[in-house]
Amino acid sequence: MPRSKRPQRERTHDWQRIQQYTLWPEQKVYEMLRPVVLFNESAAERAKETETTERTLQRKAEQFELHGMASLFPEKPTQPSETARDLPPDMRQMIVDLKAEHPAFRSHEIATVCYVRFGRRPSHHTVQRVLASGPQPSITARRFPPYGEIADGYERRRTVVRLHAEGWSVSTISAYMQTTRATIYDILKRWATEGHAGLEDKSHAPHEPARKVTFQDIQEVRRLARNPDLGAFRVMAALEQIGIKLSQRTCGRLLELNRNLYGLDPPKRDPHVKKEMPFKASFRHQYWSVDVRYIEKHHIHGHEGLCT
């Protein structure tokens, strides 16, 4: 009878000795599960014997009952095929063109632009691989000039809307067009609410400006404006006497408005005549001095006796 190649061992239920006898991790897992799946022993008691968690033991037992011995072996990760991982040539070209046009583009932003155009969002790792080993860029210059260099206001705002429709984020558009994000948000808000009409140039004046002056105030200023000798300050003082409080500047504007509208005479002012300086020097470095000894009411301490 041939001699056995493996040494004989005594059968045992000691888990510490069984661990020493096992050769493979899968064999160790089976020995840990065998009393539970074969003899229906309690998973809690077996977990105490093997010093493992009861929940892990129950999960492995359930997997063994469903899949058999295959559950003891770890699943091999499925490698995606090269054809499934590759991007279409036009998408790869667009990725490198976007990076060439705006170097500050981030990978996840480029992936968003790809999703908007092709309906497929590549991972940022895929975008980085394409940028590292993709085709050469087909463009050498930017498609649109900066925001401030576009003369037509409609075209400036239309460019912002076009980039946003392509999937560009607000921060990227702001950096690319060299303008503030507040401007980009304002353009997109006008586009969303008004459409093409919101891209046209508009006045910055408020639609309903707050006005402090009433029609009665204008009539009172008109009445006072008939006197050409009254200026803004005197009109303000006259209005305060009848309970109308307006600033001097407002009164001046109302005076000018009424006089231009009704052809009233402007205030008459005498021509300014420059007076001669009474203490003008007759030679260089000439200066005047005053002898305070003959000033009766002075406040110089200790010189009271000098006064006459």
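Computed from a predicted model, the values in this text were never measured in an experiment.

**What about the pattern of salt bridges?**
Here is step 1 of the chain: Using the criterion set out here, one finds 10 salt bridges in the structure.
Here is step 2 of the chain: Among the ionic pairs, Glu 49 bridges to Arg 46, the shortest N-O distance being 2.9 Å. One end of the pair is Glu 49 and the other is Arg 46, both in helix α3 (residues 43–50) and 3 residues apart, which spans about a single turn.
Here is step 3 of the chain: Arg 106 is paired through a salt bridge with Glu 109; the nearest N and O atoms lie 2.9 Å apart.
Here is step 4 of the chain: Judged by relative accessible area, which is 45%, Arg 106 ranks as partly exposed.

**Let's talk about the packing of helix α12 (residues 215–225) against helix α13 (residues 232–241)**
Here is step 1 of the chain: Where α12 contacts α13, the axes come no closer than 11 Å and their chain directions differ by 125°. As judged from the angle between their axes, α12 and α13 are oblique. Relative to α13, α12 is oriented so that their crossing is right-handed. Seen from α12, the contacting residues are Glu 220, Val 221 and Leu 224; seen from α13, they are Val 235, Ala 238 and Leu 239.

**Some remarks on unusual backbone geometry**
Here is step 1 of the chain: Its identity as a non-glycine residue notwithstanding, Glu 51 has a phi of 55°, on the positive side.
Here is step 2 of the chain: Mapped onto the fold, Glu 51 is located in the loop between α3 and α4 (54–67).
Here is step 3 of the chain: Not every positive phi belongs to a glycine, and His 285 is a case in point at roughly 65°.
Here is step 4 of the chain: Checked against the element boundaries, His 285 lands in the segment after α14 (248–262).

**Side note on the nonpolar core**
Here is step 1 of the chain: Ile 95 and Trp 168 are the most contacted members of the largest nonpolar core, which has 29 residues in total.
Here is step 2 of the chain: Only α6 (89–101), α7 (107–118), α8 (124–133), α9 (153–165), α10 (170–177) and α11 (181–194) provide two or more residues apiece to this core.
Here is step 3 of the chain: Leave out the neighbours within four places in its chain, and Trp 168 touches Leu 98, Glu 101, His 102, Phe 105, Val 113, Arg 143, Leu 163, Ile 173 and Tyr 176.

**Things to note about the side chain of Thr 50**
Here is step 1 of the chain: Mapped onto the elements of the fold, Thr 50 is located in helix α3.
Here is step 2 of the chain: Looking at Thr 50, its side chain comes within polar contact range of the main-chain oxygen of Arg 46, at 2.8 Å.
Here is step 3 of the chain: Among residues more than four places away in sequence, those in contact with Thr 50 are Trp 15 and Met 32.

**Focus: the layout of surface pockets**
Leftover empty space is mapped by rolling, across the atoms, a probe with the size of a water molecule.
Here is step 1 of the chain: Within this model, the largest pocket holds a volume of roughly 690 Å³.
Here is step 2 of the chain: Every element with two or more residues in the lining of the largest pocket is listed here: α1 (15–21), α2 (25–39) and α3.
Here is step 3 of the chain: Taken as a whole, the second largest pocket spans an internal volume of roughly 270 Å³.
Here is step 4 of the chain: Along its surface, the second largest pocket is lined by Tyr 147, Arg 157, Thr 183, Asp 186, Ile 187, Arg 190, Lys 202, Ser 203, His 204, Ala 205 and His 207.
Here is step 5 of the chain: Split by residue class, the lining of the second largest pocket holds 3 nonpolar, 4 polar and 4 charged.

**Describing a nonpolar patch on the surface**
Here is step 1 of the chain: Taken together, Met 277, Phe 279 and Trp 288 make up a surface patch of nonpolar side chains, about 400 Å² in accessible area.
Here is step 2 of the chain: Along the chain, Trp 288 falls in the segment after α14.

**Some points on the packing of aromatic side chains**
Here is step 1 of the chain: In the structure shown here, the tally under the stated rule is 3 aromatic pairs.
Here is step 2 of the chain: When the ring of Tyr 30 is compared with that of Phe 64, the centres are 6.0 Å apart and the planes differ by 45°; the resulting orientation is tilted. Within this pair, whereas Tyr 30 is found in helix α2, its partner Phe 64 is found in helix α4, the two being separated by 34 residues in sequence.
Here is step 3 of the chain: Accessibility expressed as a relative area gives 25% for Tyr 30, which makes it partly exposed.
Here is step 4 of the chain: Aromatic pair Trp 168 and Tyr 176: ring centres 5.0 Å apart, planes at 70°, arrangement edge-to-face.
Here is step 5 of the chain: On the accessibility criterion, Trp 168 (1% relative accessible area) is buried.

The rules we used
Residues numbered from 1 in each chain as written. Predicted model: local features only at pLDDT ≥ 70, side-chain atom pairs only at ≥ 80, totals over all residues. Heavy atoms only, no water. Salt bridge = Lys/Arg side-chain N within 4 Å of Asp/Glu carboxyl O. Helix = DSSP H or I, 4+ residues; strand = E, 2+ residues; numbered from the N terminus. Buried < 20%, exposed > 50% of the residue type's maximum accessible area, 1.4 Å probe, protein only. Axes fitted to C-alpha atoms, helices over the stretch in contact; angles between N-to-C directions. Parallel < 35°, antiparallel > 145°, perpendicular 65-115°, else oblique. Left-handed = near helix turned anticlockwise from the far one by under 90°. Contact = heavy atoms within 4.5 Å. Core = buried A, V, L, I, M, F, W, Y, C linked by side-chain atoms within 4.5 Å. Polar contact = N/O pair within 3.5 Å; in protein donor to acceptor, adjacent residues only side chain to side chain. 1 Å grid on protein atoms, 1.4 Å probe; cavity = no way out; pocket = protein on both sides within 12 Å on 5 of 7 lines; lining within 4 Å. Points joined across faces, edges and corners; volume = space filled by probe spheres on them. Nonpolar A, V, L, I, M, F, W, Y, C, P; charged D, E, K, R; others polar. Patch = residues over 30% accessible without salt bridge, like charges linked within 9 Å, V, L, I, M, F, W, Y side chains within 5 Å. Areas by Shrake-Rupley, 256 points an atom, 1.4 Å probe, with all protein chains shown as cover. Phe/Tyr/Trp six-rings, centres within 6.5 Å; stacked < 30°, edge-to-face > 60°.

That is the geometry; function is a separate question.
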